[in-house]
Amino acid sequence: MTSFTLLLPNPRPLRLPLPLFSGKVAAGFPSPADDYVEKTLDLNELLVQKPAATFFVRAQGESMLGAGIHPDDILVVDRSLEPVAGKIVICALNGELTVKRLARGNGQWQLRAENPAYPDIAVHEDLEMVIWGVVTNVIHAL
Amino acid sequence: MQTRIALVDCNNFYVSCERVFRPDLIGKPVAVLSNNDGCIVARSKEVKDLGIKMGVPLFQVQQLVNRHKIHLFSSNYTLYANMSARVMATLEAFAPSMEVYSIDEAFLDLTGVCPSDPIAYGLLIKKAVFRATGIPVCVGMGPTKTLAKLANFAAKKWPKTQGVVDLSDPERREKLLRIVPVGEVWGIGRRTGAKLDKLGIHSAWDLARQPEKRIHTLFTVVLARTVMELNGTSCLALDEIAPDKQQIICSRSFKQPITDFEGLMRALARFCARAAEKLRHQQALSHRVTVFIRTSPFKPDAPHYERAASQHLALPSQDTRHLLTVTRQLLAAIFKPGYHYQKAGIQLDHFQPITEKQQLDLFAPFGADPNRVNNTALMSAMDQVNRRFPHAITLAATGLVASTSSQGAVSPQYTTSWRDLPKVTCQ
């Protein structure tokens, strides 16, 4: 039978313990620095401000290379952020989730690709209905 | 200060979860199917408008599905649970206390939070949840839980409310109660509704005007409380902590009917193992095991058979092995060959906390050893291993292939699997 586990959106995110600093294990006098090892670094802390509103998505295509987004990169998207001009956003265009840069021009909202081959798209509907979320970070494997 | 309770309820929750990641399906008919794709358990507005009712078996509406190109999803509970947790986490910020009532509803205590403009506050909640999660909700408010629930019904039903209704004002309340059928009041099932109807109580307003004593005598104290709640006197407190379940049911319909005893037993063994695991999770022992089996109610031509059997346990148990033994005995008692069994299940109830000192049963077999029916250490070791490595340890009785459920069109695990992340195009 299928079962499911309730997955909470990490109110206290899973800690990834990367010790900032630790003394060598020695069979003698303990390192005087050991007393200061208390903080570990957690990438969630750096990348996720609002766990309930944060989604990860995977990028496809090359039109946003200029913004540092490569194919297969993972984008961190915060849906709760106010979309403002200049931000990279995920938008629902023609039923598809698409990455664009939000811009303001000719007195209206525009969606731009970082690629001159693609024309700017003017937003005529309610911005709220078009913008899916604001991209805050790119996770790119080298 | 007047109490103000809000009920926040997600619109067509399972459908909305699917649409968050499939914007192409916004405005199109979408339905979600039950566990093994048997029945329709969630419908978009477009599907409701076609007259397709909640819970109908898929085969009964297959023609409509084809004709209107209704997009069907198998249920993806991992996704729904994750989206639900996001909705609840967002709601937490809006009230000092909150009761998560179900996967898609929560009561918030807004007493003193927004005295001047509750509607504006409701709109704020609605907007914040949609913004954070993409899930549309409606907000109903009132001085009691029952009225908040009713306000929510109104908010859903009439679009011009913008999805937020407040019933604090008695005049407004009366207006609504007069047009709402009594069957829509929280806690009134079909049978009670019919009985009320016979007594000439048709609308929620009719019920609110009944003397509590009369309702108490004719029905139950619970319904008498509903009358008080409809009149603005709060009788039901907010349960901030979900109470432990008083019964655990694990059951499933089979896509292919099962005809043999061992086949049914294998399915029941899996349900039993799952139920026992849940029981241990809430630190309880069960005093009673019930097994039920039935043929399909939707095949009038095939011979119908339906039976349930219960056994009281002399010594309460949470041990899968002991519960399996009982399950097998019960199945043997009710199983009849020659039928096409379409559903089976197990229910555990009459719980006691494991910490409670065990009262030995006077009629327990002499020398009955509590440890034989309850090896706590063994079971907790098994649960721990299974939590880290799902299905690593199963009892042989459950069989080798765990495939009672068949799902055709389950969506990706968008929010819980790196491999299933939503794809976004750069073009």
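It should be noted that the structure appears before, not after, this text.
Everything numeric here is computed off the predicted structure, so don't read it as measured data.

### Things to note about helix H4 (residues 77–92) of chain B
Structural remark: α-helix, 3.6 residues per turn; residues separated by three or four positions point the same way.
Here is step 1 of the chain: If you check H4 of chain B, its first and last C-alpha atoms are 22 Å apart, about what 16 residues at 1.5 Å a residue would give, namely 22 Å.
Here is step 2 of the chain: The element H4 of chain B is extensively covered by neighbouring structure, given that 13 of its 16 residues are classed as buried.

### Description of the sheet that holds strand E9 (residues 247–258) of chain B
All names here are of chain B.
Here is step 1 of the chain: On the basis of which strands lie adjacent, the open sheet formed by 4 strands has the order E9-E12-E10-E11 and antiparallel pairing. Edge positions in the sheet fall to E9 and strand E11 (306–317), since each of these pairs with one other strand and no more. Between one strand axis and the next, the sheet turns by 15 degrees as a mean value, whatever way the strands run.
Here is step 2 of the chain: As defined by bridge partners, strand E10 (residues 284–295) adjoins E11 across 8 bridges and the pair is classed as antiparallel. Among the inter-strand pairings, Arg-294 is bridged to a residue of E11, identified as Glu-306.
Here is step 3 of the chain: Taken strand by strand, helix H13 (residues 320–334) contacts E10, E11 and strand E12 (341–353), and its axis lies near 150 degrees from that of E11.

### Concerning the pairing of strand E6 (residues 96–105) of chain A
Residues and elements named next belong to chain A.
Here is step 1 of the chain: Across the 10 residues that make up E6, a large majority, 7, are buried.
Here is step 2 of the chain: Note: strand E5 (residues 88–93) against E6, 6 bridges, orientation antiparallel. Bridging from a neighbouring strand, Leu-93 pairs with Glu-96 of E6.
Here is step 3 of the chain: What sits between the antiparallel neighbours E5 and E6 is a turn of 2 residues, in which Asn-94 has the positive phi angle 50 degrees.
Here is step 4 of the chain: Bridge analysis of E6 against strand E7 (residues 108–112) gives 5 bridges, and the strand direction is antiparallel. The residue bridging Leu-102 from the neighbouring strand is Leu-111, located in E7.

### Focus: the side chain of His-287 of chain B
Residue and element names in this part refer to chain B.
Here is step 1 of the chain: In this structure, His-287 sits in strand E10.
Here is step 2 of the chain: A residue is classified by how much of its surface remains accessible, and His-287, at 19% relative accessible area, is buried.
Here is step 3 of the chain: Within the local environment of His-287, its side chain forms a polar contact with the side chain of Gln-352, the two groups lying 3.0 Å apart.
Here is step 4 of the chain: Those residues in contact with His-287, other than ones at most four positions away along the chain, are Gln-311, His-312, Leu-313, Pro-316, Asp-349, His-350 and Gln-352.

### Topic: helix H1 (residues 13–20) of chain B
Here is step 1 of the chain: Where burial is concerned, most of H1 of chain B is hidden: 8 out of the 8 residues are buried.
Here is step 2 of the chain: Those residues of H1 of chain B lying buried are Phe-13, Tyr-14, Val-15, Ser-16, Cys-17, Glu-18, Arg-19 and Val-20 of chain B.

### Details of the packing of aromatic side chains
Here is step 1 of the chain: A complete count under the given rule lists 18 aromatic pairs over all chains for this structure.
Here is step 2 of the chain: Judged by centre distance (5.8 Å) and plane angle (65 degrees), the ring pair of Phe-55 of chain A and Phe-21 of chain B falls under edge-to-face. With one member in each of two chains, Phe-55 of chain A in strand E3 (residues 54–60) and Phe-21 of chain B in the loop between H1 and strand E2 (30–33) form a pair that bridges those chains.
Here is step 3 of the chain: You can call Phe-55 of chain A buried: its relative accessible area is 2%.
Here is step 4 of the chain: Judged by centre distance (4.3 Å) and plane angle (10 degrees), the ring pair of Tyr-14 of chain B and Tyr-80 of chain B falls under stacked. In this pair, Tyr-14 of chain B sits in helix H1 while Tyr-80 of chain B sits in helix H4, placing the two residues 66 residues apart along the sequence.
Here is step 5 of the chain: Of note, Lys-157 of chain B hangs over the ring of Trp-158 of chain B, and the distance from its end group to the ring centre comes to 5.9 Å.

### Looking at the sheet that holds E2 of chain B
Adjacent strands of a sheet pair through backbone hydrogen bonds, lying either parallel or antiparallel.
Residue and element names in this part refer to chain B.
Here is step 1 of the chain: If you trace the 3 strands from one edge of the open sheet to the other, you get E3-E2-E4, paired in mixed fashion. The sheet is open, and its two edges are formed by strand E3 (40–43) and strand E4 (71–73), each paired on a single side. Each neighbouring strand pair of the sheet contributes to a mean axis angle of 30 degrees, computed without reference to strand direction.
Here is step 2 of the chain: In the packing of H1 onto the sheet, the strands contacted are E2, E3 and E4, and the crossing angle to E2 comes to about 115 degrees.

### Focus on the interface of chain A and chain B
Here is step 1 of the chain: With 42 residues of chain A in contact, the opposing surface of chain B contributes 39 residues.
Here is step 2 of the chain: Summed over the shared surface of chain A and chain B, the result is 1 salt bridge.
Here is step 3 of the chain: Here Arg-131 of chain B and Glu-82 of chain A are joined by a salt bridge, their closest N and O atoms 3.5 Å apart.
Here is step 4 of the chain: Our count for the chain A to chain B interface comes out at 18 residue pairs in polar contact (both at pLDDT 80 or more).
Here is step 5 of the chain: Contributions of two or more residues to the side of chain A that touches chain B are made by E3, strand E4 (74–78), E5 and E6 of chain A.
Here is step 6 of the chain: When residues of the side of chain A that touches chain B are assigned to their parent elements, the largest contribution, 7 residues, is made by E3 of chain A.
Here is step 7 of the chain: For the side of chain A that touches chain B, the per-class residue count stands at 26 nonpolar, 9 polar and 7 charged.
Here is step 8 of the chain: As defined by bridge partners, E3 of chain A adjoins strand E13 (residues 423–425) of chain B across 3 bridges and the pair is classed as parallel. Residue pairing for E13 of chain B: Gln-60 of chain A is matched across the bridge by Thr-425 of chain B.

Definitions and limits used
- Residues numbered from 1 in each chain as written.
- Chains lettered and ligands numbered in written order.
- Predicted model: local features only at pLDDT ≥ 70, side-chain atom pairs only at ≥ 80, totals over all residues.
- Heavy atoms only, no water.
- Helix = DSSP H or I, 4+ residues; strand = E, 2+ residues; numbered from the N terminus.
- Expected span 1.5 Å × (residues − 1).
- Buried < 20%, exposed > 50% of the residue type's maximum accessible area, 1.4 Å probe, protein only.
- Pairing = 2+ DSSP bridges.
- Axes fitted to C-alpha atoms, helices over the stretch in contact; angles between N-to-C directions.
- Contact = heavy atoms within 4.5 Å.
- Polar contact = N/O pair within 3.5 Å; in protein donor to acceptor, adjacent residues only side chain to side chain.
- Phe/Tyr/Trp six-rings, centres within 6.5 Å; stacked < 30°, edge-to-face > 60°.
- Lys NZ or Arg CZ within 6 Å of the ring centre and 35° of its normal.
- Salt bridge = Lys/Arg side-chain N within 4 Å of Asp/Glu carboxyl O.
- Nonpolar A, V, L, I, M, F, W, Y, C, P; charged D, E, K, R; others polar.

From the geometry alone we can't say anything about function, so treat these as descriptive.
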